[in-house]
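# Fold and contact review
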Amino acid sequence: MFKNVDGHKRTDFLEQTKAQREERALEKLREKSALIIQKVFRGHRSRNSTRIAIRTEIEQLLRKPTTEDGDYIPNFKPALEVYQLLRRFLFTFSDTSDAKSFEMVCRYLLHSMDTDNLKVCYVSVSLLKDFVLPWIQQAKDILWKCVQYLKQLRPENHSEVRVIMVYLRMLITFTSTGTWRILKGKGEGLADGLGKLCNNIMGHLNNKGLYPALQILLMRGLSRSKPAFTKTSLTAIVTISLRPLMAANFSDNLLTLFVLNIFSVPALVHHVSVLAPDCLTLLITNRIFKRSLDLLSNEQSTRIIFNSLEGNYALCLLANMIQLGYSELEGLVENTANFMSVTMRLLDKCKNYVQNKKSNLTHWHPVLGWFSQNTDQGLHEALPYVVKQLQILWCSKMVRLLFQELIDYVDHARSQDTQRAAARDKGILKKALDKASSKNAPTKIKLESAISHSTCLPCALYQCAIGTLSQLRLDIVSGLSYNEIVLPSLWRFLCDLGPSCGLKVFLDLLSAAPGSTIHPVFSLLILFCETASTYICTLDQMEMFEQQKVFKVADYIKMGEFLNMFTFRVIWQALLPVQEAGSNELFTATRGLLMILYEMDSRRPYTPPDHWLIKEVKASSFLVDLDKGKKTAMFILLKMPHIIPFGERVKVFRKTVYNERVSLGLCDSQSTTPQSTLITVHRSRIVEDGYRQLAQQPVRAIKGLIRVRFVNEQGLDEAGIDQDGVFKEFLEETITKVFDPSLNLFKVTSEQKLFPSSTSYIQENYLHLFEFVGKMLGKAIYEGIIVEVPFAPFFLTQILGYGSSSTYSSVDELPSLDPDLAKNLSYTKHYEGDVGDLDLTFCYDEDIMGRLETHELVPGGKAIPVNNDNKIRYVHLMAHFRMYRQIREQMLAFKRGLNSIVNPDWLSVFSAPELQKLISGDTADIDISDLRKHTQYYGGYHNNHKVVNWLFEILEKDFTPTDRAAFLKFVTSCSKPPLLGFAHLEPPFSIRCVEVSDDQDTGDTVGSVLKGFFNIGRREPVGRLPTSSTCFNLLKLPNYQKKSTMRDKLKYAIHSNTGFELS
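Residues numbered from 1 in each chain as written. Predicted model: local features only at pLDDT ≥ 70, side-chain atom pairs only at ≥ 80, totals over all residues. Heavy atoms only, no water.

## What to know about the overall build of the protein chain
Under the convention used in this document: We count a stretch as a helix when DSSP gives it H or I for four or more residues in a row; a strand needs E for two or more, and each element gets its number in order from the N terminus. For a compact globule the rule gives 2.2 Å times the number of residues to the power 0.38, and the radius of gyration it is set against comes from C-alpha atoms. We call two residues in contact whenever any of their non-hydrogen atoms come within 4.5 Å of each other. Here the accessible surface of atoms and residues is derived via Shrake-Rupley with a 1.4 Å probe, and residues count as covered only by protein chains that are part of the display. Counted as positive: Lys and Arg. Counted as negative: Asp and Glu, with His and the chain ends omitted from the count. Where a charge sits is defined by one atom per residue type, namely NZ (Lys), CZ (Arg), CG (Asp) or CD (Glu).
The helix and strand tally for the protein chain stands at 48 helices and 12 strands. Taking 2.2 N^0.38 as the reference for a compact globule, 1063 residues should give roughly 31 Å; the C-alpha atoms of the protein chain span a radius of gyration of 45 Å, well beyond that estimate. By its C-alpha atoms, the protein chain is 150 × 130 × 65 Å across when sized along the principal axes. Here the analysis covers contacts within the protein chain between residues at least 6 apart in sequence; of these, 74% occur between residues at least 24 apart. Total accessible area on the protein chain is roughly 50,800 Å²; 53% of this is exposed by carbon and sulfur atoms. Separation between the mean location of the 126 positive side-chain charges and that of the 113 negative ones in the protein chain comes to 8 Å.

Here it is as structure tokens:
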């Protein structure tokens, strides 16, 4: 027990000892901490008191004005004393609390530099040997603080603009001795030494980051919708940025910094030219454009600069280069080729930047298009100014400068053409003429010639710009298209490149390197095609065929011949891979212009017959290639169908339809009979009953066999020869009724051509009706049934989808819809005075059933007046509205129905006039021999029957083409023959001998056939007329005994516009 007590006391003793030791250590820590706190406090109090003392001295020195805008009148003290005070001030300087005092210090120093008193001038301290080095360091520190403050200040804030100017003046003053008054007179000898001192200071600022700081300031002031700088502030910044360059004799290192940080500021040169023209002169005087161009000509320098620049700012650099070069024309003229090369290099870098930034998370850029980019609000606000700079690249003066050598060549060639023409007129001997021509005629252009290089280079530049500046593509192409020298000069170049516009030259280049279009001459061809396409699309027929602006009709013919052969051969000879040709820029451009010329010829023919056919293509072998599924033949049929005769394309179409019918099981075969759809239609409700029963039928059912049972006015089923129904008659009756203008689904033009009515919406379910009508017309085309429905050309164009093409011009086809509007728009377009006097706005007033409704052509169009600058746009928008927007819903519904039956790709091989032929048959006269060859006979008639011989003699010899067309309409309901001849008429044309009236006719019997065949017991049917059953293409011809009686009766019947009832 005693031992336990002792152990407990020992533990207590040890714990007490430990606690006492810790208490002593804590006491020592408290004492040490107290000493530290006292030391820090005394130091703080001492520094604070020192700072207060220094601030007091500074306040006494500065004598701040009592008001914010008050004039500052300093109390000058000896410069050395100021220098020493500033050393103490800078030693205790605080960026936040001393900002106002620092501003006043700068003001004081600036005032001291404006005095003649050497004693108080701040820079005079540098003349003291013992203080020169510390003074330089102090000056550097002060100026760098100015730079740091400039990085923080906001030029858009009015209260900070004055402070910015103070710091800019500090940098202006102490980086050049030009304004130092102490150097005037006796002090001129010090200028060289003090100038080196300034250079030393500038070198220090450059090393610390002067240019990035100026860039930040410029970005804040210029990257906005309205610049925040004044003439004085912008001039000061540009001057400061140029001084280090000038001091270093424009070294590459400093010039690189200048280009990276200053020249890449959005629209810098634009704002300088507007706000500070004198400053622009400074840039021109120092040849900044030429020096920057030389720097960027170095591939390594360009790579360094572009790797350091974000893509947007590389674009801004390019824009500044373009405007400065345009302002410094002398330097641009001297370095045109270099300028174009550098511009293309920068454009390529921008293009690669955009391609590398493609992702699912993209933003729209108003110049470069869609790509992933950081949102920079200021930059996007400044981009309209950048676009203005870029537009200089394709302005008239710049284009003329870049194509100057080509212009000179063309002028010389034209003068020689004139001389040769004059010589011919004077009747000089042919031998002498040939000799003169051989000496004076311009040599054909060779690809390796200087004129070829100087022409292809700007073409490559503009192609590069079109590819990179995707959102300005139309602006670029339009600018070049409407330039009066580009298209004529490029066309002359192509004509002088060799026969057929240098066709062999282009094909040889592609043959040497299939699939490669990198040769610069391809850029020329692409640019010509794109600009010509844009220009031609804006021409109306008067400009094109009467005034013959830019191109003559002969030029269009030659152009079409070249493009037709070129696009064909690059595919047929596998010079461009078929799988890549559709996206190839060369093929797309050449085919685009080719199709414009072809469609223009389709609307108003101007080429010789068969101009577009390629004679080396044998139709039979081409069709064999199609059957074999060869990609080349299929591609040509899809992209250039016009090189194949129309009849052959119709055969391809019919065969394609047949193949689909077989694949769908819609044709009779030994094993199966296709299913049919039976509908019952009341004679008085043909459209309504047809729509009700067929509109909801699946497409396969409509493509298949449809049998129709008619119900007469008494409600009884009609009996007919085809007891399963007469679909052709139903189809013809339906189409006749729905296209009747009185139904208001369709209207007619002044030429009686049909198009959808813009007021058809008054009909219930009008869009469903249009879709149904489209299906019925599609069924007729699908079955090869010809229906005489004349569509307006512009509507056919829209059915084929050509109207949505960027190269389609609504103005071209407007006369087919509204000749009066077309005439008025042409007057507006060619109005030589101020179009504003006509009081037009971007809207269209339409009279809808006595109510005037206004349609705006563009948002807010009522308030946008038409003037000379926008009149072309107004004309095209008006034409587009009338022919497309006004009937857009109806047209789309009609197309939807049509395309559900007939694949639109099948129809795309036809032009608009050809589609009309496909629907309504050929416009050619009837081939009587072909009709007779494919005629079937009933009731005892046969091919050598007397009545049959008379019939065909009358048709061939006695009837006029008009009579023959009326006869064909009488028996088939269509006045035009089938496209592929009467072998393709469905059902076949038939002639039946009849003895009784139609209401007594029960069909052929053995007796009636024998009587007809042997002409037994016949009386002259003087009172009977021929009749027809158009649903079966059947002529019911009485057995006349005289040819003259048949001729008179037949002529009367076909011109009476009646059928059954005439019998």
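From this point, things continue past the structure.
## Considerations on helix α12 (residues 288–297)
Spelled out, the test is: The buried label applies to any residue whose accessible area, calculated with a 1.4 Å probe on protein chains only, is under 20% of its type's maximum; exposed applies above 50%, and partly exposed to all values in between. Directions pointing from the helix axis toward each C-beta atom define the arc.
Listed in full, the buried residues belonging to α12 are Ile288, Phe289, Ser292, Leu293, Leu295 and Leu296. On an axial view of α12, the arc spanned by its buried residues comes to 160°, and they lie on one face.

## Some thoughts on the side chain of Thr256
Turning to its location among the elements, Thr256 is positioned in helix α9 (residues 252–261). Judged by relative accessible area, which is 18%, Thr256 ranks as buried. Contact partners of Thr256, with chain neighbours within four places excluded, come to Leu295 and Ile305.

## Focus on the pattern of salt bridges
Condition: Whenever Lys or Arg places a side-chain nitrogen within 4 Å of a carboxyl oxygen from Asp or Glu, that contact is recorded as a salt bridge.
Applying the stated criterion across every chain, the model contains 41 salt bridges. When the shortest N-O distance is used, the salt bridge between Glu27 and Arg30 registers 3.2 Å. One end of the pair is Glu27 and the other is Arg30, both in helix α1 (residues 2–62) and 3 residues apart, which spans about a single turn. Judged by its relative accessible area of 42%, Arg30 falls in the partly exposed class.

## Regarding the environment of Phe791
Inspection of the secondary structure assignment puts Phe791 in the loop between α36 (766–783) and α37 (793–799). A relative accessible area of 2% means that Phe791 is categorised as buried. Here the alpha-carbon distance between Phe791 and Ser241, two residues 550 residues apart in the chain, equals 69 Å. In contact with Phe791, not counting residues within four places along its chain, are Phe739, Phe746, Lys753, Leu754, Leu777, Leu796, Phe894, Gln916 and Ile919.

## Side note on unusual backbone geometry
Residues other than glycine predominantly adopt negative phi, and peptide bonds predominantly adopt the trans conformation. A positive phi angle, close to 55°, is found at Arg287, a residue other than glycine. For Arg287, the position within the fold is in the loop between α11 (277–285) and α12. Overall, the relative accessible area of 28% leaves Arg287 in the partly exposed class. Positive phi values are uncommon outside glycine, yet Asn1033 reaches one of about 55°. For Asn1033, the location among the structural elements is in the loop between β11 (1027–1029) and β12 (1034–1038).

## Notes on the sheet that holds strand β9 (residues 936–938)
As a general point, the strands of a sheet are linked pairwise by backbone hydrogen bonds and lie either parallel or antiparallel. Defined as follows: Strand pairing is assigned whenever DSSP identifies at least 2 bridges connecting the two strands. Only C-alpha atoms enter the line fits that serve as axes; for helices the fit covers just the stretch in contact. Angles between N-to-C directions range over 0 to 180 degrees.
A sheet is described by the order of its strands in space; here 4 strands give the open sequence β9-β10-β12-β11, paired in mixed fashion. The open sheet has two free edges, formed respectively by β9 and β11, since each of these has just one partner strand. The sheet shows a mean angle of 25° between the axes of neighbouring strands, taken without regard to direction. In this sheet, strand β10 (residues 990–994) lies alongside β9 in parallel orientation, the contact comprising 3 bridges. Looking across to β10, one finds that Tyr937 is bridged to Ile991.

## Focus on the state of the cysteines
Condition: Disulfides are defined as pairs of cysteine sulfur atoms found within 2.5 Å of each other.
Within this structure, the stated rule accounts for 0 disulfides. No disulfide involves Cys279; its sulfur sits 18 Å from that of Cys316, the nearest cysteine.

## Focus: a nonpolar patch on the surface
To keep things clear, this is the line we draw: Patch rule: a residue counts if its relative accessible area is over 30% and it has no salt bridge; like charges are joined within 9 Å, and nonpolar side chains (Val, Leu, Ile, Met, Phe, Trp, Tyr) within 5 Å.
Together, Leu118, Leu127 and Leu190 make up a nonpolar patch on the protein surface, roughly 230 Å² of accessible area in all. Here Leu190 shows up in the loop between α5 (158–174) and α6 (191–208).

## Some words on the nonpolar core
This is how the line gets drawn: Joining through side-chain atoms within 4.5 Å is the link that ties buried Ala, Val, Leu, Ile, Met, Phe, Trp, Tyr and Cys residues into a set, and such a set is a nonpolar core.
Ranked by internal contacts, the top residues of the largest apolar core, which has 303 residues, are Leu390, Leu469, Phe528, Phe791 and Phe894. Broken down by element, the residue count for this core peaks at 12 residues, all from helix α25 (residues 520–537). Those residues in contact with Phe894, other than ones at most four positions away along the chain, are Phe739, Phe746, Phe770, Glu771, Val773, Gly774, Leu777, Phe791, Phe795 and Ile799. Ranked by size, the runner-up nonpolar core spans 30 residues in total, among them Phe959, Leu968, Phe989 and Met1046.

## Re the packing of helix α16 (residues 336–356) against helix α21 (residues 450–468)
Short version of the rule: Note that the term roughly parallel is reserved for angles under 35 degrees, roughly antiparallel for angles over 145, roughly perpendicular for angles of 65 to 115, and oblique for everything else. A clockwise turn of the near helix away from the far one marks a right-handed crossing, whereas an anticlockwise turn of less than a right angle marks a left-handed crossing.
Two elements in contact, α16 and α21, have axes separated by 9 Å at closest approach and are oriented at 25°. Viewed along their axes, α16 and α21 adopt a mutual orientation that is roughly parallel. The element α16 and its partner α21 pack so that their crossing is left-handed. Across the interface between the two elements, Ala337, Met340, Thr343, Met344, Leu347, Asp348, Cys350 and Lys351 of α16 pack against Leu457, Pro458, Ala460, Leu461, Cys464, Ala465, Gly467 and Thr468 of α21.

## Considering the packing of helix α30 (residues 619–627) against helix α32 (residues 646–663)
Between α30 and α32, the least distance of the axes is 11 Å, while the angle of their chain directions is 25°. By the angle class used here, α30 and α32 are roughly parallel. In the crossing of α30 with α32, the sense of the turn from one axis to the other is right-handed. Mapping the contact onto sequence places Ala619, Leu623, Leu626 and Asp627 in α30 and Glu648, Val652 and Lys655 in α32.

## Remarks on the confidence of the model for the protein chain
The cut-off we apply is this: Per-residue confidence from the predictor is reported as pLDDT, which spans 0 to 100.
Overall, the prediction assigns the protein chain a mean pLDDT of 85, with 91% of residues at 70 or greater. In the predicted structure, residues 1058–1063 sits below a pLDDT of 50 and forms 18 contacts with residues beyond four places in sequence or in another chain.

## Remarks on a positive patch on the surface
On the surface, a cluster of positive charge is made up of Lys18, Arg21, Arg24 and Lys28. Structurally, Arg21 is set in helix α1. On the basis of relative accessible area, Arg21 is assigned to the partly exposed category, the value being 46%.

## Some points on the environment of Leu979
Positionally, Leu979 belongs in the loop between α46 (961–972) and β10. On a C-alpha basis, the gap between Leu979 and Leu918 in space is 7.0 Å, while along the polypeptide they are 61 residues apart. Leaving out residues up to four positions away in the same chain, Leu979 has contacts with Phe646, Val650, Lys917, Leu918, Gly921 and Asp922.

## Section: helix α13 (residues 299–308)
For the record, the criterion: In the analysis that follows, any N or O atom pair within 3.5 Å is treated as a polar contact, provided that within protein one partner can donate a hydrogen and the other can accept it, and provided that, for residues neighboring in sequence, both atoms belong to side chains.
Turning to α13, its buried residues number three or more, namely Ser301, Thr302, Ile305 and Phe306. The buried residues of α13 occupy one face: seen down the axis, they fall within an arc of 125°. For α13, the exposed residues set more than 90 degrees away from the buried face come down to Gln300 and Asn307. Of the surrounding secondary structure, the elements contacted by the buried residues of α13 are α9, α12, α14 (311–327) and α16. One side-chain oxygen at the N-terminal end of α13 lies 2.8 Å from the backbone nitrogen of Gln300; it belongs to Asn298.

## Some thoughts on the side chain of Ser760
In this structure, Ser760 sits in the loop between β6 (754–756) and α36. Note on Ser760: relative accessible area 0%, which makes it buried. Among the polar contacts made by the side chain of Ser760, one reaches the side chain of Gln890 at a distance of 3.1 Å. If we skip the residues at most four places from it in the chain, Ser760 touches Asn744, Leu745, Tyr766, Phe770 and Gln890.

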